[in-house]
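Fold and contact review
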Amino acid sequence: MATSDDEMHRLAAQVAADMTPDQRQAFLDAALGRSTGLFENALHAQAPVLPEAPTGVRGFRVRLDLRDAKPPVWRRLELPGDLTLDRVHLVIQAAMGWTDSHLHRFRTGSDYGSPHFITPFDVEEGDGMLEGSVRLDQVLSNKGDGLWYEYDFGDSWEHVLEVEAVLDEPPAQPRCTAGRMACPPEDCGGIGGYTELAEWVRAGSDPASVPDPFEDAAQARGWLPLGWDPDRFDLAEANDALTAALAPPVPVAPELAALREILERRGDLSLTHMLAEAATHRMTEVSEEDAVRILEPYAVLLDVIGDGVRLTGAGYLPPAVVQQLAERTGVTDWWIGKANREDLTWPIALLRDSARALGLVSVRSGRLAPSAIARRSRDQPLALWRHIVSKLPLGRSEFDRDAGWLTLAVVGAGAPAENWEGEIQDLLLGLGWRSVAGPYENLVRVVTPTLDVLDLLAGKTRRGRLSGTDAAVAATARAAIGPESVPE
């Protein structure tokens, strides 16, 4: 089948997006004939030529359409003309319902070889006009003008912003005034995959006609966003998402703010969104009742060891103590086998190590004993809780600090416990952490003492496997990520 020039431009742009300059040159050297010219045009698109920014600010009523979607997926937006394109990107993501998990690009025309603007992610690959330096009213001025936006160069979600009206009075903030249809799920295979999924859901999710690549209906429904309905659009939700996306950065502890900045420079706003979500939950304190509940494992440990317990010659807790801890913390309700050896009962070993890292116990002359703060706070659960918050995140190594802060962000945002490790791992990968070798070199193990503490607070000794969200545990994480530590 013949391939059109426009399709070749599109292919060139997508291939080029993942290439270094040297790889691009090698590819061009290897390309032949007609294709070479098309790839050169796509790789060396003419830089945009823009007028000076207007002295006055007008607004625009625009329609944002997802191209080739049938029935149409669209949003009507009112935008101030002085909005820079990096902010327009946030508006598109929020109003449509995307998760900002992939690269994007603005173009001045529908053709893939049209002049385009670069993102911070592109800066290392070459020169260009940075989208954050360009105002919307420099690329749009009259009714009918358009701006093209591509998101996710794999699925290639093409959008067009077309001016429906020029507003003499710009809106104070971007707002969505109308729309139709839900945003497609991320990573579903572009327009073709989305169309098949939408038709399947509309037809009642028939198990006999599950679309590729799913094996069965249960797998497909589990992969789709919860409650996803292709025909649903909620205007209030769209505007709430816009407000959250455009809110100023949430003040957080300096170490965490530095991690957010690194990810933002790489075009990854997932941590930014998490911290904004955490800020919407005002609760950063817990009640005395909740403190008693979530601190139970540590309270049991302090009660069992009393003024101190002599360790075995190998440095472990005596079997009788391990057994008592396992019974009182709920481990024996789900543990298989005897729970009387610390080295073979990881929840008890985890509890002891965690308590020591938090400064609640110490080992001296072969005895495990409570610290001074633990003795003072033994009957003051809120004081003990504040002490724990003041110690988070735990660890001194660079990895433990990074992983600890990210753990607090994930938990503080209200993520259910069954998703903690996956979300922390994604953030660590975004920062560049990887396994050192082996078949899992593109993964990273989420092993951090901060996560151990939050697991214990969430009830891991009683349940073994955690799920859902505990408001008091989330509040504990939020209290730790604020710009100032919670005083003891």
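Anyway, here's the lowdown on the structure attached to this text.

Analysis parameters
- Residues numbered from 1 in each chain as written.
- Predicted model: local features only at pLDDT ≥ 70, side-chain atom pairs only at ≥ 80, totals over all residues.
- Heavy atoms only, no water.
- Helix = DSSP H or I, 4+ residues; strand = E, 2+ residues; numbered from the N terminus.
- Buried < 20%, exposed > 50% of the residue type's maximum accessible area, 1.4 Å probe, protein only.
- Contact = heavy atoms within 4.5 Å.
- Pairing = 2+ DSSP bridges.
- Axes fitted to C-alpha atoms, helices over the stretch in contact; angles between N-to-C directions.
- Patch = residues over 30% accessible without salt bridge, like charges linked within 9 Å, V, L, I, M, F, W, Y side chains within 5 Å.
- Areas by Shrake-Rupley, 256 points an atom, 1.4 Å probe, with all protein chains shown as cover.
- Salt bridge = Lys/Arg side-chain N within 4 Å of Asp/Glu carboxyl O.
- Lys, Arg positive; Asp, Glu negative; His and termini not counted.
- Charge placed at Lys NZ, Arg CZ, Asp CG, Glu CD.
- 1 Å grid on protein atoms, 1.4 Å probe; cavity = no way out; pocket = protein on both sides within 12 Å on 5 of 7 lines; lining within 4 Å.
- Points joined across faces, edges and corners; volume = space filled by probe spheres on them.

1. Observations regarding the environment of phenylalanine 117
For phenylalanine 117, the location among the structural elements is in strand 4 (residues 116–117). The class of phenylalanine 117 is buried, set by a relative accessible area of 0%. Separated by 32 residues in sequence, phenylalanine 117 and leucine 85 have C-alpha atoms that sit 8.9 Å apart. Excluding anything up to four places from it in sequence, phenylalanine 117 contacts Pro48, Leu50, Leu85, Arg105, Phe106, Thr108, Met129, Glu131, Val134 and Val139.

2. Focus on the sheet that holds strand 7 (residues 175–180)
The strand order across the open sheet built from 7 strands is 4-3-5-6-1-2-7, with neighbouring strands paired in antiparallel fashion. The open sheet terminates on both sides in strands that have one partner only, identified here as strand 4 and strand 7. Here 5 bridges tie strand 2 (residues 73–80) to strand 7, and the two strands are oriented antiparallel to one another. The partner of glutamate 78 across the bridge, within strand 7, is arginine 175. Together, strand 1 (59–66), strand 2, strand 3 (104–107), strand 4, strand 5 (146–151) and strand 6 (157–167) form the strand contacts of helix 4 (residues 85–96), whose direction differs from that of strand 2 by roughly 140°.

3. Focus: a positive patch on the surface
On the surface, Arg364, Arg375, Arg376 and Arg378 cluster together to form a positively charged patch. The class of arginine 364 is exposed, set by a relative accessible area of 67%.

4. Some points on the pattern of salt bridges
If you walk through the whole model with that rule in mind, you get 20 salt bridges. The closest approach of N and O atoms between glutamate 296 and arginine 462, which form a salt bridge, is 2.8 Å. Here arginine 462 lies in helix 20 (residues 460–463) and glutamate 296 lies in helix 12 (residues 296–305), a separation of 166 residues in the sequence. Residue lysine 460 is joined to aspartate 455 by a salt bridge in which the shortest nitrogen-to-oxygen separation is 3.5 Å. The two residues lysine 460 and aspartate 455 agree in class, both being buried. Shared partners join several salt bridges into a network, and the residues in it are Arg67, Arg107, Glu150 and Glu158.

5. Remarks on the layout of surface pockets
In this model, the second largest pocket occupies a volume close to 570 Å³. If you trace the second largest pocket, you find 27 residues lining it, with Asp86, Arg87, Leu90, Glu264 and Leu269 closest to the centre. Of all the secondary structure elements, the ones that give two or more residues to the lining of the second largest pocket are helix 4, helix 8 (235–246), helix 9 (254–265) and helix 10 (270–280). It is helix 4 that contributes the most residues to the lining of the second largest pocket, 4 residues altogether.

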